[in-house]
Amino acid sequence: MNLTTENILLIGSLLLFISIIVGKTSYKFGVPTLLLFLAIGMLAGSDGLGGIRFDDPKLAQFIGIVSLNFILFSGGLDTNFKAIKPILREGLVLSTLGVFLTAAGLGVFVYVVTDFTIYESLLLGSIVSSTDAAAVFSILRSKNLALKTNLRPTLELESGSNDPMAYVLTLACLSLVINQDQSVFNMLLMFFQQMILGGVAGFAFGRLSKIIINRIKLGFEGLYPVLVIALMFITFSATDFVGGNGFLAIYICAVYLGNQDLIHKSTILKMFDGIAWLMQIVLFLTLGLLVFPSQIVPYMGIGLLISIFLILVARPAAVFISLMFFKMKLKRRFYISWVGLRGAVPIVFATYPLLAGIDKANMIFNIVFFISVTSVLIQGTTLSLFAKWLNVALPEKVKPIAENDRYILNLPKSAMEEIVIPSQSFAVGKRIIDLHFPTSAFIVMIKRNDKFVRPGGSTIIEANDTLVVLLDNEDSLQEVNAILNTMLID
């Protein structure tokens, strides 16, 4: 079956519906949903029952890049900086040095066991060198797996920030395969340019985006998530245009925004959470359609050998070397080594050799696809089991609630207070967003001139307003009073 304008929406919506229904029950059998999305795409493809003919790596790459934008941005928004601050150095070392060591180690192994050239081997190693953000975010959150001693923030920070390093290594090695006269100096120059410009642009666009979101008056709450989508793509495209790493830029931009007071932040977080799931499904379905299972069979043997080496040797060696200068228990290092999930990102990166037209591009793509599937199947299904074996999982009753989850879950508070704003308060004439209330306190209603006003981030406080505030505890009330008292004019 060929995809046409008339049937693409019907086929796409049916595949999406099937993926959601099947994914809903998948964890009863211990199978990660992402693997099922991939399997549904393969079954619907040209070698499967659906017979849908899809052989367009360029379109698949475009869909992959768009999907990764949403997945990384959503993951960044949900990253609490207070949680990652204690492990910031470990996470950054894993996402840079760890990725490089994984690529180098696996590349050397591939060179030894195959007829690949050294540059082709390093290219394959680079493509599968990063921990996949879509797989890690999806599996950890869908399993509701809580881990001890900042272990989960470490894993999410690494997976969210290491794709840029793998992307740069992939482009560098692809350039060496195509033109072996390229100098190492040029490769290093490209690396530093990508990372430095990407980091600077991400922070700059984050600050600019905050100003735009909080200053602009759109009139409709539903337009604010649309505004953030536009800012996200501007950040990625503008950074890429000037030679920086767009993936790094949007992740840093999202982390910055996720830790700021934003107008309609709850709406923005909910929308991006839903779209991130949609993009994960679309991405895996697309990659499943792109793959011809019959072409993978000849490479299953070498693919399994490379995958086992990656899981049991290359990844653990890279983790232990990267973290050798940090104080960390051995069982934590082992668990970080095991959560080296490969998913959709390596498959997306594997489309670059296809589009470049190098000799072994098809072989590389099929091997990478097999590695990603085995990684999600073997490691993804055993994350909870290994967490229990290594004693790094928290009991169900003491699982903490992520700070940003409060916006999404709308948790009931344990206390309610009415706070009157005197006419001399500095809060008069200010928007709620500018008061910087703690996340453990919410203004749910404002009494104004015997009327009730529903508050929003852009609502302006007036003299003699009575704020109806829901709070977590007595400490939250003290924080609120401290904020309001500092605003009083002496």
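Up top you'll find the structure we're talking about.
Analysis parameters
- Per chain, the residues get numbers from 1 upward, laid out in the order the sequence is written.
- Only residues with pLDDT of at least 70 get local features here, since the model is predicted, and only at 80 or more are side-chain atom pairs given and counted; chain-wide, interface and lining totals rely on the full set of residues.
- Only hydrogens and water are set aside when side-chain values are computed; all heavy atoms of the structure are taken into account.
- By convention, a stacked pair of Phe, Tyr or Trp rings (six-membered ring in the case of Trp) has centres within 6.5 Å and planes under 30 degrees apart, an edge-to-face pair has planes over 60 apart, and any other such pair is tilted.
- Each helix is a run of H or I in the DSSP string that is no shorter than four residues. Each strand is a run of E no shorter than two, and both are numbered from the N terminus.
- Here's how the labels work: a residue is buried when its accessible area is under 20% of the maximum for its type, exposed when over 50%, partly exposed in between, all with a 1.4 Å probe on protein chains only.
- Expected helix span is taken as 1.5 Å per residue step, with the number of steps being one fewer than the number of residues.
- Two axes enter the bend calculation: one fitted to the seven residues ending at the residue in question, the other to the seven starting there, and the bend is the angle between them.
- Whether two residues touch is decided by their heavy atoms; if any such pair falls within 4.5 Å, the residues are in contact.
- Residues belong to a common nonpolar core when they are buried Ala, Val, Leu, Ile, Met, Phe, Trp, Tyr or Cys residues joined through side-chain atoms within 4.5 Å.
- All axes here are fitted lines through C-alpha atoms, helices being fitted over the stretch that makes contact, and every angle between N-to-C directions spans 0 to 180 degrees.
- An angle below 35 degrees is treated as roughly parallel, one above 145 as roughly antiparallel, one from 65 to 115 as roughly perpendicular, and anything else as oblique.
- Left-handed describes a crossing whose near helix is turned anticlockwise from the far helix through less than a right angle; right-handed describes the clockwise counterpart.
- Three residue categories are used. Nonpolar comprises Ala, Val, Leu, Ile, Met, Phe, Trp, Tyr, Cys and Pro, charged comprises Asp, Glu, Lys and Arg, and polar comprises the others, including Gly.

A. Here's a closer look at the packing of aromatic side chains. Tallying each qualifying case throughout the model produces 14 aromatic pairs. Measuring from centroid to centroid gives 6.1 Å for Phe 70 and Phe 272, while their planes differ by 40 degrees, and the two rings are tilted. Of this pair, Phe 70 sits in helix H3 (residues 57-77) while Phe 272 sits in helix H13 (residues 265-290), and the two are 202 residues apart along the sequence. Considered together, Phe 70 and Phe 272 belong to a single accessibility category, that of buried residues.

B. Fine view of the environment of Thr 459. Mapped onto the secondary structure, Thr 459 falls in the loop between strand E3 (451-453) and strand E4 (466-471). By relative accessible area, which is 14% here, Thr 459 ends up buried. In sequence terms Thr 459 and Lys 430 are 29 residues apart; their C-alpha atoms lie 8.2 Å from each other.

C. Spatial organisation of helix H15 (residues 300-322). Here H15 spans 31 Å end to end across 23 residues, near enough to the 33 Å set by a 1.5 Å rise per residue. Taken as a whole, H15 carries its principal kink of about 45 degrees at Leu 310. Of the surrounding elements, those touching the buried residues of H15 are helix H5 (88-113), helix H6 (118-127), helix H8 (151-161), helix H16 (330-338) and helix H19 (361-378).

D. View of the nonpolar core. Among the nonpolar cores identified, the biggest contains 92 residues, and Phe 73 and Phe 272 are the most heavily contacted of them. In this structure, Phe 272 is in contact with Phe 70, Phe 73, Ser 74, Leu 77, Pro 225, Val 228, Ile 229 and Met 232, ignoring residues within four places of it in sequence. Formed by 21 residues, the second largest nonpolar core is a distinct cluster that contains Leu 341, Leu 383, Leu 390 and Ala 393.

E. Seen up close, the packing of helix H9 (residues 163-178) against helix H10 (residues 184-215). Close contact between H9 and H10 brings their axes to 10 Å; oriented N to C, the two are set at 155 degrees. What the angle tells us is that H9 and H10 run roughly antiparallel. Taken as a pair, H9 and H10 cross one another with a handedness that is right-handed. Residues Pro 164, Met 165, Tyr 167, Val 168, Leu 171, Ala 172, Ser 175 and Leu 176 of H9 pack against Met 187, Met 190, Phe 191, Gln 194 and Met 195 of H10. Split by residue class, the contact of H9 with H10 holds 11 nonpolar, two polar and no charged.

F. View of H19. With 18 residues, H19 extends 26 Å from end C-alpha to end C-alpha; this agrees with the ideal 26 Å at 1.5 Å per step. Burial analysis of H19 places 14 of its 18 residues in the buried class, which makes it a mostly covered element.

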